[in-house]
Amino acid sequence: MDRYLTDAEVSAAARRLVSRYPGAGRLRRVGTSRAGRPLEMLTVGHGPAHVLVIARPHPDEPVGAVTALALAERVARGDGRTPATDPARVTWDVVLCLDPDGAALSEGVEEATAGPAPALERYFRTAFRPVAAEQPEWAPIESSQLPESQALFDLIDERRPVLQCSLHGIEAGGTFAQLTDDLPGFAAPFHTAAADLSVPVQHGTFDALYWENPAPGVHVLPPPESTGRLAAGSEHIGRSTWCAPQRYGGVTAIVEVPMWASALADDPSPHPDAVRTLRGLSRLVRDGGEQVTAVLDKARGFLPPPEESAPRRVLEWMAGGLYDLVADSWQPLARQAAEGGERLTTAQVCALDVVARRQPLRAAGLLLRLLSQSPAPAASALHDELRALFSGWCEDFTRASALRWVPVHTQAELQTRAVLAAAGCAVREGV
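Since this is a predicted model, take the numbers as computed values, not measurements. (Residues numbered from 1 in each chain as written. Predicted model: local features only at pLDDT ≥ 70, side-chain atom pairs only at ≥ 80, totals over all residues. Heavy atoms only, no water.)

1. Let's talk about the packing of aromatic side chains
Heads up, the rule is: Between 30 and 60 degrees the pair is tilted, below 30 it is stacked and above 60 it is edge-to-face, where a pair is any two Phe, Tyr or Trp rings, Trp via its six-membered ring, whose centres lie within 6.5 Å. A run of DSSP states H or I qualifies as a helix once it reaches four residues; a run of E qualifies as a strand once it reaches two. Both are numbered from the N-terminal end. Only protein chains enter the area calculation, which uses a 1.4 Å probe; residues under 20% of their type maximum are buried, those over 50% are exposed, and those in between are partly exposed.
Counted under the stated rule, the structure contains 7 aromatic pairs. Judged by centre distance (6.4 Å) and plane angle (80°), the ring pair of Tyr4 and Trp405 falls under edge-to-face. Of this pair, Tyr4 sits in the segment before helix 1 (7–20) while Trp405 sits in strand 10 (residues 404–405), and the two are 401 residues apart along the sequence. Judged by its relative accessible area of 10%, Trp405 falls in the buried class. Ring centres of Tyr123 and Phe124 lie 5.0 Å apart, and the angle between their planes is 70°; this geometry places the pair in the edge-to-face category. The residues Tyr123 and Phe124 share a single accessibility class, namely buried.

Listed below in structure tokens is the structure:
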């Protein structure tokens, strides 16, 4: 598969799989989204242990749907069977899309990223990522009650998985995994898969900035008494769906694979000037955010109101302090480096560089979408003004990190192998 799949295509493919393997696969509705869309789960196997796979928890990370189908196909087909893929030992429960409402707002990503070398600009013009309080995995941290979140909590309580795998993707950099508890033996097959597929392993990541790091690209959630060391915004991570399997002795693996790879992601050499670079990245995210917000200020009068437009809610959320939250979260690192503490590596700085650049790009892409849909006379000129900034940022990003596209089939194969490695460890420990 060399392109991402729409939600409808994933559902149709799951039905075909059930037809091809009668008795092996079952498809059922396990919930309903806020907008009334079905949450579907494909189940393969009938063993006492359960592995729960969550595809598309973020709608702008579409690779997980391809991976989910590949995993289900592999288990149903029964080739290369291991204890983790033995249907008599393990039941695989695969949620095909956790956020179908968000996926509907990201439709277009599939075609925008088709072909051998898609551009960042096309991706960010079509991708949609909701505010934190509307992200099913993250909403409980914000004390939000979403039906999608509740459906997942209910599944976890029903299935009591030894392993939950949340299938994520990052725009650029390298691959990495975040674990709620250590999985001894996971790192070696994970690294082998990345090496076989020529995808760099991300040494250090913003998403797990202060998590334990027992192996390159593998991050383990600190114990509850260490929550003060978590990245900004995640102090109450224990409320998330990620941590729910722990009540039954289960582990969650968040598996990230890049759309565009950068060789800087796995460069462990000390960064030559981390303090100055971190300060520059803080300015980059703030300045980019201010420039997008300046255009938003001029357009607010003719854009759809936030209560009627999810993209508008995202823009207001980001303008309301998200850029500063991201930039401020790096200040302890800059102070530590300035005081002669442990030197940051090139890979760690690369991970922060990706975040600094993607925040304004996400906002600009959404605002360009709204401006292109507006009939207001001023919309066209504002669109052109923002488009010039947006295109320049995409070009700078591609050049600064020497980005290269990772084919969809490679992304999915890497994620599949990482999930199978994690499942092998969890089943060995838990069954």
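Still to come is the rest of the account.
2. Looking at the packing of helix 11 (residues 346–373) against helix 12 (residues 379–400)
Under the convention used in this document: To obtain an axis, a line is fitted to C-alpha atoms, over the contacting stretch when the element is a helix, and the angle between two such axes runs from 0 to 180 degrees between their N-to-C directions. Note on angle classes: values under 35 degrees are labelled roughly parallel, values over 145 roughly antiparallel, values of 65 to 115 roughly perpendicular, and the remainder oblique. By convention the crossing between two helices is left-handed if the near helix lies anticlockwise of the far one by an angle smaller than a right angle, and right-handed if it lies clockwise. Residues are treated as being in contact if the distance between any of their heavy atoms lies within 4.5 Å.
Closest axis-to-axis distance for the helix 11/helix 12 pair is 9 Å, and the angle between their directions is 150°. Between helix 11 and helix 12, the angle falls in the class roughly antiparallel. Here helix 11 and helix 12 pass one another in a crossing that is left-handed. Here Val354, Arg357, Pro360, Leu361, Ala364, Gly365, Leu367, Leu368, Leu371 and Ser372 of helix 11 lie close against helix 12, whose contacting residues are Ala379, Leu382, His383, Leu386, Arg387, Phe390, Trp393, Cys394, Asp396, Phe397 and Ala400.

3. So, the pattern of salt bridges
Heads up, the condition is: What makes a salt bridge here is a side-chain nitrogen of Lys or Arg within 4 Å of a carboxyl oxygen of Asp or Glu, nothing more.
Within this structure, the stated rule accounts for 31 salt bridges. Note that Glu316 and Arg300 form a salt bridge whose closest N and O atoms lie 2.9 Å from each other. Of this pair, Glu316 sits in helix 9 (residues 310–328) while Arg300 is found in the loop between helix 8 (274–299) and helix 9, placing the two residues 16 residues apart along the sequence. For Glu316, a relative accessible area of 22% translates into the label partly exposed. A salt bridge links Arg357 to Asp353; its shortest N-O distance comes to 2.7 Å. Within this pair, Arg357 and its partner Asp353 are both found in helix 11, separated by 4 residues, close to a single helical turn. Judged on exposure class, the residue Arg357 and its partner Asp353 are both buried. Among the charged side chains, a network of salt bridges with common partners joins Arg28, Asp93, Glu158 and Arg159.

4. Here we look at the state of the cysteines
Short version of the rule: The disulfide criterion is simple: two cysteine sulfur atoms within 2.5 Å.
One pass over the full model with this rule turns up 0 disulfides. The closest cysteine sulfur to the non-disulfide-bonded Cys243 is located on Cys165, 15 Å from its own sulfur. Here Cys243 falls in the buried class, since its relative accessible area comes to 8%.

5. Points about unusual backbone geometry
Backbone geometry places Arg160, a non-glycine residue, at a positive phi of 50°. Position of Arg160 among the secondary structure elements: in the loop between helix 6 (147–159) and strand 5 (163–173). Classification of Arg160 by relative accessible area gives exposed; the value is 52%. In this structure, Ala402 is a non-glycine residue whose phi angle is positive, near 50°. Topologically, Ala402 is positioned in the loop between helix 12 and strand 10.

6. Focus on helix 6
Spelled out, the test is: Expected span of a helix, by definition, is 1.5 Å for each gap between consecutive residues, and there is one gap fewer than residues.
Between its first and last C-alpha, helix 6 extends 18 Å over 13 residues, near the 18 Å set by a 1.5 Å rise per residue. Of the positions making up helix 6, those classed as buried are Glu148, Ser149, Ala151, Leu152, Phe153, Leu155, Ile156 and Arg159. Buried residues along helix 6 sit against strand 1 (25–32), strand 2 (38–44), strand 3 (49–54), strand 4 (90–95), helix 3 (100–105) and strand 5. In the segment just after helix 6, Arg160 is the residue with positive phi, at about 50°.

7. Re the environment of Arg358
Assignment of secondary structure puts Arg358 in helix 11. By relative accessible area, which is 7% here, Arg358 ends up buried. Along the backbone, Arg358 and Cys394 are 36 residues apart, and their C-alpha atoms lie at a distance of 9.1 Å. Dropping the residues within four chain positions of it, Arg358 is found in contact with Phe124, Ile170, Glu171 and Asp207.

8. Examining empty space enclosed by the protein
As a reminder of what qualifies: Cavities and pockets were defined on a 1 Å grid built over protein atoms only: a cavity is a set of grid points that admits a 1.4 Å probe from which the probe cannot escape, a pocket is an open set flanked by protein on both sides within 12 Å along at least five of seven lines, and lining residues are those with an atom within 4 Å of any such point. Grid points are joined across faces, edges and corners, and a volume is the space filled by probe spheres set on the points.
Summed over all chains, the structure comprises 1 cavity of 30 Å³ or more. Considered as a void within the structure, the largest cavity measures approximately 40 Å³ in volume. Forming the walls of the largest cavity are Ile170, Ala172, Phe176, Gln202, Thr205, Phe206, Asp207, Ala351, Val354, Val355 and Arg358. Secondary-structure elements contributing two or more residues to the lining of the largest cavity are strand 5 and helix 11. If you tally residues by element for the lining of the largest cavity, the top one is helix 11, at 4 residues.

9. Examining the side chain of Ser374
We count it as follows: Polar contact criterion, stated in full: a pair of N or O atoms within 3.5 Å, where within protein one must be able to donate a hydrogen and the other to accept it, and residues adjacent in sequence count only if both atoms are side-chain atoms.
Note on placement: Ser374 falls in the loop between helix 11 and helix 12. Taking the relative accessible area as the measure of exposure, Ser374 reaches 15% and is therefore buried. A distance of 3.2 Å separates a polar side-chain atom of Ser374 from the backbone nitrogen of Ala376. Apart from residues no more than four positions distant in its own chain, Ser374 is found in contact with Phe302 and Ala379.

10. Overview of the layout of surface pockets
Our working definition: Under this grouping Gly is polar, as are all residues other than the nonpolar Ala, Val, Leu, Ile, Met, Phe, Trp, Tyr, Cys and Pro and the charged Asp, Glu, Lys and Arg.
By volume, the largest pocket amounts to about 810 Å³. Every residue lining the largest pocket is counted, 40 residues in all, and those nearest its centre are Arg129, Gln135, Trp138, Phe206 and Arg358. For the lining of the largest pocket, the secondary-structure elements that each account for two or more residues are helix 5 (120–126), strand 5, helix 9 and helix 11. Broken down by element, the lining of the largest pocket gets its largest block of residues, 7 residues, from helix 9. In the lining of the largest pocket, the residues fall into 21 nonpolar, 10 polar and 9 charged. Its boundaries defined by the atoms lining it, the second largest pocket holds a volume of some 420 Å³. What lines the second largest pocket is a set of 20 residues, among which Leu209, Leu333, Glu342, Leu344 and Gln348 lie closest to the centre. If you list the elements that add at least two residues to the lining of the second largest pocket, you get helix 10 (331–338) and helix 11. If one sorts the elements of the lining of the second largest pocket by residue count, helix 11 sits on top with 4 residues.

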